[in-house]
Amino acid sequence: MMFYHIRCITLLICSCLTLNVFAAQSEYRLLTELQAVTAQKNAAEKVDQYLARWASTTLPGLAVAVVKDGELVYSKGVGLANLEYGIPITPDTVFEVASISKQFTAFSILLLADEGKLSIDDEVTKYLPELSDLGHKITLRHLLHHTSGLRQQGVMLELAGWQSDDIATQAQALKLLSMQKNLNFTPGEMFEYSNSGYFLLAEIVSRVSGQSFAEFTQNRIFKPLGMTNSAFPANYRAVIKNKAYSYRRTTNGFAKSVLLSDMVGSTGLTTTVKDLAKWAVNFEQPKVGNLAVIQQMKTPNVFNNGETINYAFGQVIDKHRGIEAMGHGGTIAGYRTFLLRMPSEKLSVVVLANMPYLNPLNIAYDIADFYLSALPQKRLSTSALSTETLASYTGDFELLGGLIYSINQDGTQLYLQIMGGAKQPLTHLADNEFSFGDEGRKLRFGAVNTKNVEKITLVEGIYGGQTLVGERVAIPSINAESVNLTEFTGRYYSQELDTTYELVLEDNQLKAKNLRSEVYLTPFDTNTFSGNTGFFLRAKFIRNNVSQVAALEVSGTLINKLKFEKVN
């Protein structure tokens, strides 16, 4: 009997202890949840304060969404979606998101690969036989990671005479790419951002699936994820409810920046911050695509030499405050966009804007910091640099196989000139890093070797931080007045563009002209001239065996050595 009582007492004590432990655990969970809610509330208040600078009833603006631990914890719009009618931006406002489209194109390819309908190591011509034989095997993997060497179709259209407000169609771009005879570089040798590759990938998705790219993404991605305000519209004339207008700055305010493009794959997606929040959650809690597809989406590619690239299927892989960040931005017309994901923190930030002078990348990281307040933050030196240090940064650096970035100094101010063009001031950010322009581009200067820096790194800001390295070069001095400009005049024809330029001498200025373009050419060295526009940055003249000018090679932003034969 006594044993029975002892056993009952023991069980009672154990039960009490268990209840106490359970109560303590419950109290701890409640406290943790309360702390998380408080932290998110504090972060949201900080985001509100941060966005207040753009809260205008007369200016374009932006929408923001934040995802934490698989939940939409913040969404807000500030500024106007339409200036004419005073329509405000909300979290349900639809934007053109430009190059954020690329990760949806890559995901579509991986869905088809997972089903065995294609392989990313297949040759592109297996699906697009109309493309020319360019002398090298180009695979879908090359297209996915911008290592194909294909020239940028948009820049080629400009060189061929297209204006920014002309209509650009899939058919035109495919025809132009099918006419190409050369590449910018050997596939797999280097990284060079190219919309051409992603446009072709969308075309491959359509041909393999038997659906238009718009239909495939709607059926396989948007509908399953409940992205009800997302689409790749069939054409630019489509009526889209709640869509923000695109604007550009003028001397007395704003004007519409009209987008007349039917291109999809590299761009073309219309969506909202709320829908992109659902897309971000899919990487943590997959509803579309299995774990193998999700894992592959974050796997970086490697170059032919085995070096790893920081680009993975439409996303740039970077570090922020010591943690992995995956992001990509876009710019088209007056739209500026960025999608940032930090997988280890289960944190994503979406920024979509119709304000052309805004940097969505910086905004996304600034907002992320409000939710990462517990993490240590590296403090960069922002103290002024000495004139001696600035002097070590000056000189000429070659990027992309021939484009010259010149760094000049005027006292404590550095300036950038590309191929002798207009001076752009460099703004010191921290340590050896400077910014220029209004799209988040940066220059980083390498370690000093003897007296001077030997390398610079160009960081393409809005596209997520992808980098290009430039080496210091010695540019021979030239007396421009000694150059005989008349020997470069004449008509030059490109078979790859089906376009002719006439080089003429007017008021001692060499100009390259066609029906719709006029480029000013300035002597850079004996046979090389710099141009005053992005699609015609460098003109290198080729001489025959009797030293007569026989051809012209044009290089510009993302196009290299496109040949024009002299025809008279």
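Analysis parameters
- Think of each chain on its own: its residues are numbered from 1, step by step along the sequence as written.
- This being a predicted model, a pLDDT of at least 70 is required before a residue's local features are given, and a value of 80 or more before pairs of side-chain atoms are given or counted; all residues contribute to the totals for chains, interfaces and linings.
- With hydrogens and water stripped out, all remaining heavy atoms of the structure feed into the side-chain values.
- What counts as a helix is a DSSP run of H or I of at least four residues, what counts as a strand is a run of E of at least two, and both are numbered from the N terminus.
- Each residue is assigned to one of three classes by its accessible area relative to the maximum for its type, calculated with a 1.4 Å probe on protein chains only: buried under 20%, partly exposed between the two thresholds, exposed over 50%.
- For this analysis, residues touch if any pair of their heavy atoms sits within 4.5 Å.
- Residue-level accessible areas treat just the shown protein chains as cover; the underlying method is Shrake-Rupley with a 1.4 Å probe.
- Salt bridges are counted wherever a side-chain nitrogen of Lys or Arg sits within 4 Å of a carboxyl oxygen of Asp or Glu.
- For two strands to be treated as a pair, DSSP must find no fewer than two bridges joining them.
- Every angle, taken between N-to-C directions, lies between 0 and 180 degrees, and every axis is a line fitted to C-alpha atoms, over only the stretch in contact when it is a helix.
- Buried Ala, Val, Leu, Ile, Met, Phe, Trp, Tyr and Cys residues form a nonpolar core when they are joined through side-chain atoms within 4.5 Å.
- Whenever two N or O atoms come within 3.5 Å, that pair is a polar contact, provided that in protein one can donate a hydrogen and the other can accept it, and provided that, for residues adjacent in sequence, both atoms are side-chain atoms.
- Aromatic pairing here means that ring centres of Phe, Tyr or Trp (its six-membered ring) are within 6.5 Å. Orientation follows from the plane angle: under 30 degrees is stacked, over 60 is edge-to-face, and everything else is tilted.
- An angle below 35 degrees is treated as roughly parallel, one above 145 as roughly antiparallel, one from 65 to 115 as roughly perpendicular, and anything else as oblique.
- Each crossing gets its handedness from the near helix: less than a right angle anticlockwise from the far helix is left-handed, clockwise is right-handed.
- Gly counts as polar in this scheme, as do all residues outside two lists: the nonpolar Ala, Val, Leu, Ile, Met, Phe, Trp, Tyr, Cys and Pro, and the charged Asp, Glu, Lys and Arg.

S.K.: Describe in detail the overall build of the chain, supporting the description with residues and values.
M.R.: Each helix and strand in the chain was counted, giving eleven helices and 31 strands. Within the chain, the proportion of its 568 residues that are buried is 50%. A separation of at least 24 residues holds for 59% of the contacts in the chain among residues at least 6 apart in sequence. Accessible area for the chain stands at about 26200 Å²; split by element, carbon and sulfur atoms hold 51% of it.

S.K.: Can you break down the pattern of salt bridges residue by residue, with the values?
M.R.: Applying the stated rule across the entire model yields 23 salt bridges. The salt bridge involving D48 is made with K76; its shortest N-O contact spans 3.2 Å. In this pair, D48 is assigned in helix α1 (residues 2-51) and K76 in strand β2 (residues 71-78), connecting sequence segments 28 residues apart. Note that D166 and R516 form a salt bridge whose closest N and O atoms lie 2.6 Å from each other.

S.K.: Describe the sheet that holds strand β27 (residues 518-525), and please don't skip the residues or the numbers.
M.R.: By definition, the strands of a sheet pair up through backbone hydrogen bonds, in either a parallel or an antiparallel sense. On the basis of which strands lie adjacent, the closed barrel formed by eight strands has the order β24-β25-β26-β27-β28-β29-β30-β31 and antiparallel pairing. Direction aside, neighbouring strands of the sheet carry axes that sit 30 degrees apart on average. As defined by bridge partners, strand β28 (residues 528-533) adjoins strand β29 (residues 536-543) across four bridges and the pair is classed as antiparallel. Counted as the bridge partner of S530 is R538 from β29.

S.K.: Would you mind going over the sheet that holds strand β9 (residues 316-320) in detail, with residue names and values included?
M.R.: With antiparallel pairing, six strands are arranged side by side in an open sheet as β2-β1-β12-β11-β10-β9. What marks the edges here is a single partner per strand, and that holds for β2 and β9. Adjacent strand axes in the sheet meet at a mean angle of 20 degrees when their direction is disregarded. With five bridges connecting them, β9 and strand β10 (residues 323-332) associate as antiparallel partners. Along β10, the bridge assignment pairs V316 with G327. In this fold helix α10 (residues 360-371) packs onto β1 (62-68), β2, β9, β10, β11 (335-342) and β12 (347-353), with an angle of close to 35 degrees to the strand it touches most, β11.

S.K.: Give a description of the nonpolar core that names residues and reports values.
M.R.: F104, L159, W279 and F536 are the most contacted members of the largest nonpolar core, which totals 101 residues. In terms of nonpolar packing, the next biggest core, distinct from the first, is built from 30 residues, A44, I323, L358 and A364 among them.

S.K.: Can you break down the side chain of D166 residue by residue, with the values?
M.R.: Mapped onto the secondary structure, D166 falls in the loop between α4 (153-159) and α5 (170-178). A polar side-chain atom of D166 sits 2.7 Å from the main-chain amide nitrogen of Q163. In terms of polar contacts, D166 uses its side chain to reach the side chain of R516, at 2.6 Å.

S.K.: Account for the side chain of H142, with residues named and values stated.
M.R.: Mapping H142 onto the fold places it in helix α3 (residues 140-144). Other than its neighbours up to four places away in sequence, H142 contacts K137, T147, S148, P187 and G188.

S.K.: Please provide a residue-by-residue account of unusual backbone geometry, values included.
M.R.: The phi torsion at A98 lies on the positive side, around 55 degrees, for a residue other than glycine. With respect to the helices and strands, A98 occurs in the loop between β5 (95-96) and α2 (101-114). The class of A98 is buried, set by a relative accessible area of 2%.

S.K.: Quick rundown of the environment of F338? Include the residues and the values.
M.R.: Checked against the element boundaries, F338 lands in strand β11. F338 sits in the buried class, given a relative accessible area of 1%. Through-space distance from the C-alpha of F338 to that of I100 is 7.1 Å; in sequence the pair is 238 residues apart.

S.K.: Explain helix α8 (residues 273-282) residue by residue, including any values.
M.R.: The buried count for α8 comes to eight of ten residues, which makes it a mostly enclosed element. Among the residues making up α8, those that are buried are V273, D275, L276, A277, W279, A280, V281 and N282.

S.K.: How would you sum up the packing of aromatic side chains? Please name residues and give values.
M.R.: The description of an aromatic ring pair uses the distance of the two centres, along with the angle that the planes make with each other. This structure, assessed with the given rule, holds 21 aromatic pairs. Relative to F445, the ring of Y393 lies with its centre 4.2 Å away and its plane at 10 degrees, an arrangement referred to as stacked. Of this pair, Y393 sits in helix α11 (residues 387-393) while F445 sits in strand β19 (residues 441-445), placing them 52 residues apart in sequence. Overall, F445 belongs to the buried group, its relative accessible area being 1%.

S.K.: Please give an account of the pairing of strand β24 (residues 490-494) that cites residues and values.
M.R.: Burial along β24 is one-sided: G490, Y492 and S494 are buried, while R491 and Y493, pointing the other way, are not. As judged from the five bridges shared by β24 and strand β25 (residues 499-506), these two strands associate in the antiparallel manner. Residue pairing across strands places Y493 opposite T500, the latter belonging to β25. Note: β24 against strand β31 (residues 559-566), two bridges, orientation antiparallel. Residue pairing for β31: Y492 is matched across the bridge by K566.

S.K.: An account of the environment of M227 is requested, with residue identities and associated values reported.
M.R.: As for its position among the elements, M227 is in the loop between α7 (213-225) and β6 (247-250). Among the residues examined, M227 registers a relative accessible area of 1% and is labelled buried. Sequence separation between M227 and T272 is 45 residues; the distance between their C-alpha atoms is 8.7 Å. Among residues more than four places away in sequence, those in contact with M227 are F104, F222, T271, D275, L276, K278 and W279.

S.K.: How would you explain the environment of S99 if you had to name every residue and give the values?
M.R.: Positionally, S99 belongs in the loop between β5 and α2. Only 2.9 Å separates the side chain of S99 from the side chain of K102, close enough to count as a polar contact.

S.K.: Go over the packing of α2 against α8 with me, naming the residues and quoting the values.
M.R.: Direction vectors running N to C along α2 and α8 enclose 45 degrees, while the axes themselves pass 13 Å from each other. Here α2 lies oblique to α8, going by the angle between them. With respect to the hand of their crossing, α2 and α8 are arranged in left-handed fashion. Counting all contacts with α2, which are made through Q103, F104 and F107, the residues of α8 involved are L276, W279 and N282. Among the residues forming the contact of α2 with α8, the class breakdown is four nonpolar, two polar and no charged.

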